[in-house]
Amino acid sequence: MYTSRITGLGHFVPENIVTNDDLSKLMDTDDAWIQERTGIKERRWIEKGSGETSSSMGVKAARIAIKNSGLSKDDIDFIVFATLSPDMYFPGCGVQIQDVLDMGTIGALDVRNQCSGFIYALSVADQFIKTGMYKNILVIGAEFHSGALDVTTRGRGVSVIFGDGAGAAVLSRSEDNARGILSTHLHSEGKHAKELVVESPSIAHWVPQLKSNPDDLSYFPYMNGTFVFKNAVVRFSEVIMEGLQANKLGVEEIDMFIPHQANLRISQFVQKKFGLRDDQVFNNIQKYGNTTAASIIIALTEAVEEGKVKEGDLVVLAAFGSGFTWGSAVIRW
Ligand code: UT7
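Residues numbered from 1 in each chain as written. Predicted model: local features only at pLDDT ≥ 70, side-chain atom pairs only at ≥ 80, totals over all residues. Heavy atoms only, no water.

### Focus: the site of the ligand
Neighbouring residues of the ligand: 22 residues in total, closest T29, R37, C115, N263 and N290. Separating an oxygen atom of the ligand from a side-chain N or O atom of W33 is a distance of 3.2 Å. Separating an oxygen atom of the ligand from a side-chain N or O atom of H260 is a distance of 2.9 Å. Coverage of the ligand by the protein amounts to 70% of the 950 Å² it exposes when considered alone. When residues of the shell around the ligand are traced back to their parent elements, those giving at least two are α2 (31–38), α6 (156–159) and α8 (225–246). Here the shell around the ligand gathers at least three residues from each of two domains, domain 1 (3–174) and domain 2 (180–332). (Near = heavy atom within 4 Å. Polar contact = N/O pair within 3.5 Å; in protein donor to acceptor, adjacent residues only side chain to side chain. Areas by Shrake-Rupley, 256 points an atom, 1.4 Å probe, with all protein chains shown as cover. Helix = DSSP H or I, 4+ residues; strand = E, 2+ residues; numbered from the N terminus. Domains from an automatic or database assignment.)

Below you can see the structure in the form of structure tokens.
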């Protein structure tokens with residue numbers, strides 16, 4: 001059995017910075033509330049009319065990741081693309097990337113697991129590499145939230161949190177079992193699907209129904225924030241422990257914990273629970289907000305670029321989000 005290693009990383013965020021003060025001009029909110037409840041200072045939102053989308057940001061992140069891996073696009077055997085904000089209802093962003101990057105006729109798979117999307121995508125890619133089916137896989141997480149948020153006071157509980165951006169990783173086959181992705185752990189609990197949801201348009205609730213009822217706002221994200229928060233802190237903790245136990249590792253052996261950037265308070269809760277020092281946890285939600293499937297991969301890229309993840313380090317990734325879905329990945333860097 002092979003092991004997969006991350007051989008290249010890249011990320012892209014739009015230039016347009018939206019501060020909390022900017023949002024307070026659109027809705028009844030303020031910098032103090034947002035920072036106190038979420039830790040977010042600013043986020044990147046795609047400039048309206050720029051034409052940027054999840055797939056175009058994904059392409060930019062992917063180009064950097066492929067370059068950093070030392071491979072060429074022709075060495076990539078498969079694409080896994082995680083997003084909740086695809087350019088089109090169908091087909092998914094994976095095939096768009098395949099086309100723009102001119103990657104022959106390799107397979108492309110889209111993953112729809114929201115905030116856990118990157119962990120799920122990484123896990124899928126890891127299984128394909130472990131079994132020997134593919135050698136190099138491009139894994140992307142990208143989100144274009146800002147085009148579909150309710151930026152009025154009505155939507156303030158959700159819209160202040162989310163940001164746009166993309167990250168990408170190249171996973172490559174390795175025969176060194178001591179390093180690379182040691183394990184991934186995936187979970188879901190569909191009975192809570194409607195606690196964090198965008199319900200339509202869906203085939204069950206299509207555009208004419210929306211148009212016929214101006215009070216129907218089911219195309220905006222709905223989140224039962226407190227309920228999501230309470231579940232998140234429990235599931236984060238469980239799935240981190242599951243990952244450590246599967247590898248017979250202790251909490252004290254974690255060199256870097258990179259949580260999905262949902263809310264700084266969630267990360268701090270988990271950090272405190274596990275007794276981790278500040279230098280053992282990486283957060284960048286302060287400047288990007290919650291970029292859902294892109295958040296972990298953007299954070300991992302920055303942590304590596306800043307020299308905070310070094311060869312041999314034990315890196316733990318964990319996420320929780322809509323579905324509910326949650327997961328973790330344990331990596332020996
Ligand atoms: O990434 C996917 C998973 N997502 C998460 O993990 C998010 C989990 N949840 C959260 O992060 C938090 O629940 C939020 C940050 C979304 C909300 O924080 P909260 O402390 O749970 O606030 P709340 O929803 O209980 O609202 C408290 C008050 C309400 O006013 P009243 O009813 O007490 O008068 C809200 O209307 O804060 C009000 N409020 C705001 N005020 C100013 C809600 N949003 C805002 C806002 N600015 N943006």
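From this point, the discussion proceeds with the structure in view.
### What to know about the sheet that holds strand β1 (residues 3–12)
The strands making up a sheet associate through backbone hydrogen bonding, with each pair oriented either parallel or antiparallel. Strand order across the open sheet formed by five strands is β1-β7-β6-β4-β5, with mixed pairing between neighbours. Of all strands in the sheet, those with a lone pairing partner are β1 and β5 (107–111), marking the two edges. Taken over all neighbouring pairs, the strand axes of this sheet differ in orientation by 20° on average, direction set aside. In terms of strand pairing, strand β6 (residues 136–143) meets strand β7 (residues 165–174) through eight bridges, oriented antiparallel. Bridging across to β7, L138 finds its partner in V170. Sheet strands in contact with helix α11 (residues 295–305) are β1, β6 and β7, and its direction is about 95° off that of β1. (Pairing = 2+ DSSP bridges. Axes fitted to C-alpha atoms, helices over the stretch in contact; angles between N-to-C directions. Contact = heavy atoms within 4.5 Å.)

### Digging into the sheet that holds strand β12 (residues 314–321)
Strand order in this open sheet of four strands is β8-β13-β12-β11, and the pairing throughout is mixed. Across the chains shown, the open sheet's two edge strands, defined by having one partner strand only, are β8 (180–188) and β11 (256–259). Adjacent strand axes in the sheet meet at a mean angle of 10°, parallel and antiparallel pairs treated alike. Where β12 meets strand β13 (residues 325–332), eight bridges bridge the pair, whose relative direction is antiparallel. Residue A318 lies in a different strand from β13, and its bridge partner there is S328. Contacts from α11 reach β11 and β12, with the element oriented near 150° to β11.

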